[in-house]
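# Inside the fold
Here are the chains, one letter per residue:
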Amino acid sequence: MTTAAAPRTVLERFPAGHPRGSWPADDYAAAQRAQGVDAQVVMDLTTDQFLVVTNHATTKS
């Protein structure tokens with residue numbers, strides 16, 4: 001039995017080679033959560049980036 005992954009929206013991307021590691025992504029995700037967006041940081045191994053994602057559809061202004 002297979003299950004489909006929930007669709008995710010990428011809010012922002014941060015390079016994994018940043019001197020502070022995932023901190024910029026973690027800071028951005030925390031700011032989004034403070035605004036009520038359920039954001040989390042995941043690692044995209046293919047592009048070597050930290051992605052801040054949400055499981056909810058959003059619109060960028």
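In this report, the structure presented in the accompanying data block is examined. This is a predicted model, so every value here is computed, not measured. (Residues numbered from 1 in each chain as written. Predicted model: local features only at pLDDT ≥ 70, side-chain atom pairs only at ≥ 80, totals over all residues. Heavy atoms only, no water.)

### Observations regarding the overall build of the chain
Here is the rule: To qualify as a helix, a DSSP run of H or I must reach at least 4 residues; to qualify as a strand, a run of E must reach at least 2; elements of each kind are numbered from the N terminus. For every residue, the accessible area (1.4 Å probe, protein chains only) is compared with the maximum for its type, and the residue is labelled buried under 20%, exposed over 50%, or partly exposed between those bounds. Whether two residues touch is decided by their heavy atoms; if any such pair falls within 4.5 Å, the residues are in contact. Here the Shrake-Rupley method, with its probe set to 1.4 Å, supplies the accessible areas, and only the displayed protein chains count as covering residues.
A count of helices and strands for the chain gives 1 helix and 3 strands. Along its sequence from the N terminus, the chain presents helices and strands in the succession β-α-β-β. Sorting the 61 residues of the chain into buried and exposed places 23% on the buried side. Contacts in the chain between residues at least 24 apart in sequence constitute 54% of all its contacts with a sequence separation of at least 6. Of the roughly 4500 Å² that the chain leaves accessible, carbon and sulfur atoms contribute 54%.

### A word on the nonpolar core
Buried together is how nonpolar side chains tend to be arranged in soluble globular proteins. The test is simple: Among buried residues, those of type Ala, Val, Leu, Ile, Met, Phe, Trp, Tyr and Cys that are joined through side-chain atoms within 4.5 Å constitute a nonpolar core.
Grouped together as the largest cluster of nonpolar side chains are 7 residues: Leu11, Phe14, Ala25, Ala29, Ala39, Phe50 and Val52. Each residue touching Ala39, except ones within four places of it in the same chain, is listed here: Leu11, Ala29, Gln32, Arg33, Val52 and Val53.

### Observations regarding the pattern of salt bridges
Side-chain pairing between opposite charges can occur once the charged atoms of the two side chains come close. Here is the rule we go by: In the sections that follow, a salt bridge refers to a side-chain nitrogen of Lys or Arg positioned within 4 Å of a carboxyl oxygen of Asp or Glu.
Counting across every chain of the model gives 1 salt bridge. A salt bridge links Asp27 to Arg20, with the shortest nitrogen-to-oxygen separation between them at 3.5 Å. Arg20 sits in the partly exposed class, given a relative accessible area of 39%.

### Describing the side chain of Gln32
Topologically, Gln32 is positioned in helix α1 (residues 23-34). Judged by its relative accessible area of 13%, Gln32 falls in the buried class. Not counting chain neighbours up to four residues away, the residues in contact with Gln32 comprise Leu11, Val37 and Ala39.

### A look at the pairing of strand β2 (residues 39-44)
Moving residue by residue along a regular strand, the side chains alternate between the two faces of the sheet. Defined as follows: Paired strands are those between which DSSP finds at least two bridges.
In this sheet, strand β3 (residues 49-54) lies alongside β2 in antiparallel orientation, the contact comprising 6 bridges. From the neighbouring strand, Met43 faces β3, where its bridge partner is Phe50. Counted along the chain from β2 to the antiparallel partner β3, the turn is 4 residues long, and its residue Asp48 has a positive phi close to 55 degrees.

### Let's talk about the environment of Asn55
Test applied: N or O atoms closer than or at 3.5 Å make up a polar contact, with two conditions inside protein: a donor-capable atom paired with an acceptor-capable one, and, for residues adjacent in sequence, both atoms drawn from side chains.
Relative to the assigned elements, Asn55 resides in the segment after β3. Assessed through its relative accessible area of 33%, Asn55 is described here as partly exposed. When the C-alpha atoms of Asn55 and Arg8 are compared, they prove to be 4.5 Å apart, with 47 residues separating the residues in sequence. Among residues more than four places away in sequence, those in contact with Asn55 are Pro7, Arg8, Asp38 and Gln40. Within polar-contact distance, the side chain of Asn55 engages the side chain of Arg8 at 3.5 Å.

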